[in-house]
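Structural overview for review
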Amino acid sequence: MGLFNRWLLLLLVAIVLVACAPRTSGPQASQEEIWSETEKQRQLAATEKIDKQFKKKEGRLKLENRVLVVSSNVLKGGIEVCGLLNKEKSLCVYEFELLEDGPLNAYADGKKIHITPSMVRFAKTDEQLAYILGHEYAHNMMSHIG
């Protein structure tokens with residue numbers, strides 16, 4: 001085969017290869033389609049944010065409800081103990097407060113019993129939570145703060 005024929009064969013192979021090469025351009029989208037997809041993504045992100053906020057509030061409400069139920073029993077028992085100690089029962093009524101946040105802690109200030117969400121979660125059972133709240137209640141009842 002002559003040199004010209006080889007060049008012609010190479011040229012023909014190159015043309016065939018280029019013609020068969022895959023096109024790499026992606027699908028074309030109109031400006032309206034791009035805007036629509038952008039809006040869908042924004043709505044999805046907003047929905048996810050709302051879901052996260054809802055779950056956080058739902059968790060907080062569960063903790064508040066647990067503290068409310070357990071503290072009402074602690075308060076009933078505490079008022080009975082006040083009577084047995086010949087203390088004025090109305091002076092043994094204390095408010096229980098679930099704090100916004102904080103480390104594992106519960107404390108009494110003479111007027112209220114405060115507890116952090118992490119401490120409520122730490123108490124695995126209602127009995128454990130009652131023990132913690134009752135301990136702080138006793139501090140108030142016995143005027144340990146003063």
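Residues numbered from 1 in each chain as written. Predicted model: local features only at pLDDT ≥ 70, side-chain atom pairs only at ≥ 80, totals over all residues. Heavy atoms only, no water.

**With respect to helix α4 (residues 126-141)**
The criterion, for reference: What counts as a helix is a DSSP run of H or I of at least four residues, what counts as a strand is a run of E of at least two, and both are numbered from the N terminus. Between the first and last residue of a helix there are one fewer steps than residues, each counted as 1.5 Å, and that sum is the expected span. We call two residues in contact when some of their heavy atoms are within 4.5 Å.
Here α4 contains 16 residues, and its C-alpha end-to-end distance of 21 Å stays within 8% of the 22 Å for a straight helix at 1.5 Å per residue. Summarising the contacts, the buried residues of α4 are in contact with α2 (31-84), β1 (95-98), β2 (106-108), β3 (112-115) and α3 (117-122). Phi turns positive one or two residues past the end of α4, at S143, with a value near 55 degrees.

**Here we look at the sheet that holds β1**
Quick reminder of the rule: What makes two strands pair is DSSP finding at least two bridges between them. To get an axis, a line is fitted to the C-alpha atoms, and for a helix only the part in contact is used. The angle between two axes follows their N-to-C directions and goes from 0 to 180 degrees.
Strands sit in the order β1-β3-β2 across an open sheet of three strands; the sheet is mixed. Two strands bound the open sheet, and with one partner strand each, they are β1 and β2. Neighbouring strand axes in the sheet, compared pairwise and without regard to direction, differ in orientation by 15 degrees on average. On top of the sheet, α4 reaches β1, β2 and β3; it is set at about 145 degrees to β3, its chief contact.

**Quick look at the side chain of E136**
Worth spelling out the cut-off: Each residue is assigned to one of three classes by its accessible area relative to the maximum for its type, calculated with a 1.4 Å probe on protein chains only: buried under 20%, partly exposed between the two thresholds, exposed over 50%. His is not counted, nor are the chain ends, whereas Lys and Arg count as positive and Asp and Glu as negative. We count a salt bridge whenever a side-chain nitrogen from Lys or Arg sits within 4 Å of a carboxyl oxygen from Asp or Glu.
For E136, the location among the structural elements is in helix α4. Although E136 is buried, it makes no salt bridge; K112 carries the closest opposite charge, 14 Å away.

**Considerations on the environment of F122**
Locating F122 in the fold gives a position in helix α3. The spacing of F122 and L104 is 18 residues in sequence and 7.7 Å in space, taken between C-alpha atoms. Apart from the residues within four sequence positions on either side, F122 is in contact with L104 and Q128.

**Quick notes on the packing of aromatic side chains**
For clarity, the cut-off: Within 6.5 Å between ring centres, the rings of Phe, Tyr and Trp (the latter by its six-membered ring) count as paired, and their orientation is classed by plane angle as stacked under 30 degrees, edge-to-face over 60, tilted in between.
By the definition in use, this model includes one aromatic pair. Where Y94 meets Y137, the ring centres are 5.2 Å apart and the plane angle is 80 degrees; that geometry is what we call edge-to-face. In this pair, Y94 sits in the loop between α2 and β1 while Y137 sits in helix α4, placing the two residues 43 residues apart along the sequence. Take Y137: its relative accessible area is 3%, and that puts it in the buried class.

**With respect to the pattern of salt bridges**
Any two side chains of opposite charge can pair, given that their charged atoms come close. Per the stated rule, a full pass over the model turns up four salt bridges. The salt bridge involving R60 is made with E64; its shortest N-O contact spans 3.0 Å. Residue R60 and its partner E64 are both found in helix α2; the two are separated by four residues, about one turn of the helix. The class of E64 is partly exposed, set by a relative accessible area of 33%. Close ionic contact of E100 with R60 constitutes a salt bridge, the shortest N to O distance being 3.5 Å. Separated by 40 residues along the polypeptide, E100 in the loop between β1 and β2 and R60 in helix α2 bring together distant segments of the chain. Its relative accessible area of 19% is what places R60 among the buried residues.

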